Structures are given as C-alpha cells and as structure tokens.
Amino acid sequence: MTSNSTSRHQGRLELTWTDKDKTLLSTGDGRYDYTFVDPSDYRVSEVRLLHEVDRVEAPTPEGRPADLPAPTHDNLLITGDAMHVLDALAKIPAYAEKYLGRVKLVYIDPPFNTGQAFTHYEDNIEHSIWLTLLRDRIRQIRPLLADDGSVWVHLDHVESHRCRVVLDEELGERNFVAEVAWQKADSPRNDSKLLSTSQDTILVYRKSESWAPNRMPRLAASNTSRYQSRDGDPVPWRDGDATAANAATHQSMVYAEPQGHRVGDSPHVRPLRRAGEE
C-alpha cells in the first residue's frame, strides 16, 4: 500500500486580477491616466529627478527635552506621482544613500475606492487598477525599509480585505502585525444607506522580525490619577470588567445613588479592586 503523506503540494493562497502580470503607469498631469504596460517597458525603469522649489527652516525651540532624538534639518516634502518619487529615493545616489534600507516607518493612505468623487485623485478605481497601484507601490517601498521598519496602510472596509491578501504576498504573511481599528466618528450617521460605520482600518506589517513596537513609558501618575478613594484609603484602586461570570454568587455588589439610597445588588458587575489585585 502506497502512502501519499509525502506527496508535495504546489501553489499558495493568492489574489488574482485582470492584468496582474503588468505594471500600471500614470502619465496624466494632475489626474491619473492609467496605462497597463509590460514590466520591461522602458518607462517603468525611468527615473525622474527631483527639483527643489522651496526651503523652510525653523529654529530648535528653547527648553526642548534633551532625551528626544536630535533634530533633523534635511527632511523632504515631495509632491508628485508616488511611482516616480519612490524610484528617485531608491535610485538617485544622493537620496539612496540616506533612504535605501533606512526608513523606519511608512504610512500610506491610498484611495479608498468608495465611488466618491475627489478633487486631487480618482477614488472610483476599478479593482484591478487599484490593486496594481497598491502592489507596485509596496514593491517600491520594501527596499527603502530598514530591517526594523514597518508599513501602515490606512483604508476603510471597501478594500481592506483585498489589501491584506496583497500585503501578505508582497511583505509575507508572517510579517503581519495587526489590524488596527481607528475610530473616526463618535455618533452614527443617520443618512447612511446601509449600516453606519464609525471606524477605518490600519493594516500594520513589519519588514522583518527585527521590528518591535516602540512603547511609551508608563507614567507613575497613571497608577493613581484616575482612581482615587473618596474615603481616604491610601491604597490605589482601579475599576474591573463590566461583566463577570457567576457574579451572582461570587461578585455581587451594591449600587448607591448619589443621595445614598440603596438601589440593589448587580449580578453582572465586578467591584472595584485594589491596584495589583486579581
């Protein structure tokens, strides 16, 4: 009897679309003029020079904390097509020396592809065009990233699921860090045609395992500033979860109105606890 447990499997999970094997060129002035071309087209490898049009400088503020990173004086704000800008940073020696393999963080805000009309870019983009634009930019961004760098892609629900598959292909699914929900509204929109959404999505990917989150230090005041005892207890307190399993028999508590009247026991609320107590 022959076992097929050692048979080799081929293929992987991937997203396909029209003209995925081609590159998208933007040749319009002020608006995208989409042209699918072969990756070997000479226009794909064309590198355009950057022209300085203005310079803005500001003095270092007095009293600036000494533990902050040293101020920089040669930052760039570039307007133009992202394809040409990224190529310039990676291939022009003066810029490549500074940016190639040294960028710590890239935040991109591509068109949401929602079908709405915007002045500065076209948002109603056919899926194949949108996906090709995204993939091509990610391929240009990756060489610029430092080993401990990361990419943050800001989207809404329309394209985020497709975007994640593309990012898995280009950056590696093992380098997926998180899908962050960014709250953009505090109240529902009553004019929504379907469901009112209150958040956008930020997909976070790292360049390699060298990346780690840069956490802010916890302030000592954070332990005591929010939860203070009104009866003079010197031990800091904190609130617990809003609900608890078996609270009816183990963690009941008494509510009291501001006037001090007893309201009754709540079987679904944890009591306040001493800080550090579980």
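Before reading on, note that the structure itself is shown above.
Keep in mind the model is a prediction, meaning the values are calculated, not measured.

A. Structural detail: the overall build of the protein chain. Secondary structure summary: the protein chain contains 5 helices and 10 strands in total. A burial count over the protein chain gives 28% of its 278 residues as buried. In the protein chain, 64% of the contacts between residues at least 6 apart in sequence involve partners at least 24 apart. Entry remark: accessible area of the protein chain is about 20,700 Å², with carbon and sulfur atoms responsible for 51%.

B. Examining the packing of aromatic side chains more closely. Considering all chains together, one arrives at 1 aromatic pair under this definition. With 5.4 Å between their ring centres and 65° between their planes, Phe176 and Tyr205 make a pair best called edge-to-face. Of this pair, Phe176 sits in strand β5 (residues 176–183) while Tyr205 is found in strand β6 (residues 199–206), placing the two residues 29 residues apart along the sequence. Given a relative accessible area of 24%, Phe176 falls into the partly exposed group.

C. Structural detail: the sheet that holds strand β4 (residues 145–155). The sheet built from 4 strands is open, its strands ordered β3-β4-β6-β5 with mixed pairing. Looking at the sheet topology across the chains shown, the edges are occupied by β3 (103–108) and β5. Each adjacent strand pair in this sheet contributes to an overall mean axis angle of 15°, direction not counted. Where β5 lies against β6, 7 bridges are found, and the strand directions are antiparallel. By the bridge assignment for β6, Trp182 is matched with Asp200.

D. Spotlight on the pairing of β6. Along β6, 7 of the 8 residues are buried, which leaves the element largely enclosed by surrounding structure. Summarising the sheet, β4 and β6 pair through 6 bridges and their orientation is antiparallel. Paired with Leu155 across the strands is Thr201, a residue of β6.

What counts, and where the lines are drawn
Residues numbered from 1 in each chain as written. Predicted model: local features only at pLDDT ≥ 70, side-chain atom pairs only at ≥ 80, totals over all residues. Heavy atoms only, no water. Helix = DSSP H or I, 4+ residues; strand = E, 2+ residues; numbered from the N terminus. Buried < 20%, exposed > 50% of the residue type's maximum accessible area, 1.4 Å probe, protein only. Contact = heavy atoms within 4.5 Å. Areas by Shrake-Rupley, 256 points an atom, 1.4 Å probe, with all protein chains shown as cover. Phe/Tyr/Trp six-rings, centres within 6.5 Å; stacked < 30°, edge-to-face > 60°. Pairing = 2+ DSSP bridges. Axes fitted to C-alpha atoms, helices over the stretch in contact; angles between N-to-C directions.

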